[in-house]
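Report on the structure
Below, each chain spelled out in residue letters.
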Amino acid sequence: MAAVDVIVDNLVTLRSAPAARHYLHWILLLITIVGSIVKELDVVPQTYFSNSKTFLNVYFVKVAWGWTLFLLTPFLLLSNSSFGRSVSFLIQRLLSLVVATAIWYVCTSTFFYIEGVTGLCFESRTMGAINEEFTSIKDCKQAGFHWHGYDISGHSFILAYASLFIMEETEPMASLKTVYLSALPRMILKLLYVALHLMLVIWVWMFICTCVYFHDPSHKLVGTVCGLLGWFLTYRVWYLKPLSPGLPPQHHLKAQEE
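The notes below deal with the structure included here. Nothing here was measured: the structure is a model prediction, and the numbers come from that model.

Once that is clear, we can look at the overall build of the protein. Scanning the protein from terminus to terminus reveals eleven helices and two strands. When the elements of the protein are put in sequence order from the N terminus, they spell out α-α-α-α-α-α-β-α-β-α-α-α-α. Each of the three principal axes of the protein carries a C-alpha extent, and together these read 65 × 40 × 35 Å. The buried share of the protein, taken over its 258 residues, is 42%. Of the contacts made within the protein by residues no fewer than 6 positions apart, 78% connect residues no fewer than 24 positions apart. As displayed, the protein offers around 13,700 Å² of accessible surface, 69% of which is attributable to carbon and sulfur atoms. Looking at the protein, you have 17 positive and 16 negative side-chain charges, and the mean spots of the two groups are 10 Å apart.

Rendered as structure tokens:
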């Protein structure tokens with residue numbers, strides 16, 4: 001498994017770059033703005049990724065939060081418990097998963113609600129004739145018609161938020177090199193770390209595709225900003241306070257040094 005060690009070392013080194021650690025949120029916002037302009041100018045040709053039925057979109061992005069929790073939960077458990085802190089600290093840190101899931105649920109539910117109250121049921125995609133019989137998204141689509149409302153981009157939100165969430169919670173890996181762990185837990189941690197970064201690459205790539213090929217500019221901008229705010233208000237504001245899930249151990253060590 002020497003190859004895994006090399007990959008992990010390279011990822012940790014890459015993560016030490018300021019651009020990777022401190023500017024991802026600005027990079028995502030820039031991608032949203034530039035990608036929206038590119039889409040409106042219609043200068044990018046249609047490709048495999050301009051189809052919403054791609055393998056990555058159907059089996060990964062549409063269930064992005066499930067995949068994120070599937071890999072991040074065991075990583076968080078192993079990484080945070082490896083520092084030898086109390087059970088209460090581990091439970092406190094696991095609450096970050098609960099908070100993040102609550103943010104995901106509230107935001108996506110709100111987006112769906114806004115689309116419902118601002119929309120109308122049209123009999124075709126050209127939005128010519130309005131069918132006033134159906135007043136909900138579900139009934140309209142079940143009848144074979146098309147609902148058109150203010151459709152805040154859930155993809156922009158979840159891909160931005162999940163990317164920042166992964167970046168924050170995988171930060172302790174650099175410090176785990178000096179922590180004693182038996183061979184099996186250490187190897188599992190390394191494999192999860194690599195898998196999470198592979199997922200991070202997929203999320204950012206699909207975020208770019210969403211910005212370039214789908215949604216109106218304001219829909220993407222609002223979705224992205226909601227994702228950035230969800231991250232900022234927790235990891236940059238609330239988690240710095242005593243009554244919170246707290247930051248990953250690596251961040252605590254940095255805070256003490258400063």
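To continue, consider the packing of helix α3 (residues 24–41) against helix α8 (residues 154–169). With their axes 10 Å apart at the nearest point, α3 and α8 run at an angle of 160° to one another. Classified by the angle between their axes, α3 and α8 sit roughly antiparallel to one another. Where α3 crosses over α8, the handedness of that crossing is right-handed. Touching L24, H25 and L28 of α3 are A160, S163, L164 and M167, all from α8. By residue class, the composition of the contact of α3 with α8 is five nonpolar, two polar and no charged.

With that settled, consider the nonpolar core. Judged by nonpolar contacts, the single largest core of 54 residues is most densely connected at F75 and W203. If you list the elements that add at least two residues to this core, you get α1 (2–15), α3, α5 (64–81), α6 (87–118), α8, α9 (183–213) and α10 (217–237). In terms of residue count, α9 provides more of this core than any other element does, eleven residues in total. Within the second largest apolar cluster, five residues are counted, among which are C121, F134, I137 and W147.

This brings us to the state of the cysteines. Evaluated as defined, the whole model comprises one disulfide. Paired through a disulfide, C121 and C140 show a sulfur-sulfur distance of 2.1 Å. One quick way to see it: the torsion about the S-S bond of C121 and C140 is about 85°, and its sign makes the bridge right-handed. Of this pair, C121 sits in strand β1 (residues 120–122) while C140 sits in helix α7 (residues 137–142), and the two are 19 residues apart along the sequence. The burial state of C121 is the same as that of C140; both residues are buried. With no disulfide of its own, C107 lies 5.3 Å from the sulfur of C226, the closest cysteine sulfur. Classification of C107 by relative accessible area gives buried; the value is 16%. The thiol of C209 is unpaired, and the distance to the nearest cysteine sulfur, on C211, comes to 9.3 Å. Take C209: its relative accessible area is 4%, and that puts it in the buried class.

Rules used throughout
- Residues numbered from 1 in each chain as written.
- Predicted model: local features only at pLDDT ≥ 70, side-chain atom pairs only at ≥ 80, totals over all residues.
- Heavy atoms only, no water.
- Helix = DSSP H or I, 4+ residues; strand = E, 2+ residues; numbered from the N terminus.
- Buried < 20%, exposed > 50% of the residue type's maximum accessible area, 1.4 Å probe, protein only.
- Contact = heavy atoms within 4.5 Å.
- Areas by Shrake-Rupley, 256 points an atom, 1.4 Å probe, with all protein chains shown as cover.
- Lys, Arg positive; Asp, Glu negative; His and termini not counted.
- Charge placed at Lys NZ, Arg CZ, Asp CG, Glu CD.
- Axes fitted to C-alpha atoms, helices over the stretch in contact; angles between N-to-C directions.
- Parallel < 35°, antiparallel > 145°, perpendicular 65-115°, else oblique.
- Left-handed = near helix turned anticlockwise from the far one by under 90°.
- Nonpolar A, V, L, I, M, F, W, Y, C, P; charged D, E, K, R; others polar.
- Core = buried A, V, L, I, M, F, W, Y, C linked by side-chain atoms within 4.5 Å.
- Disulfide = S-S within 2.5 Å.

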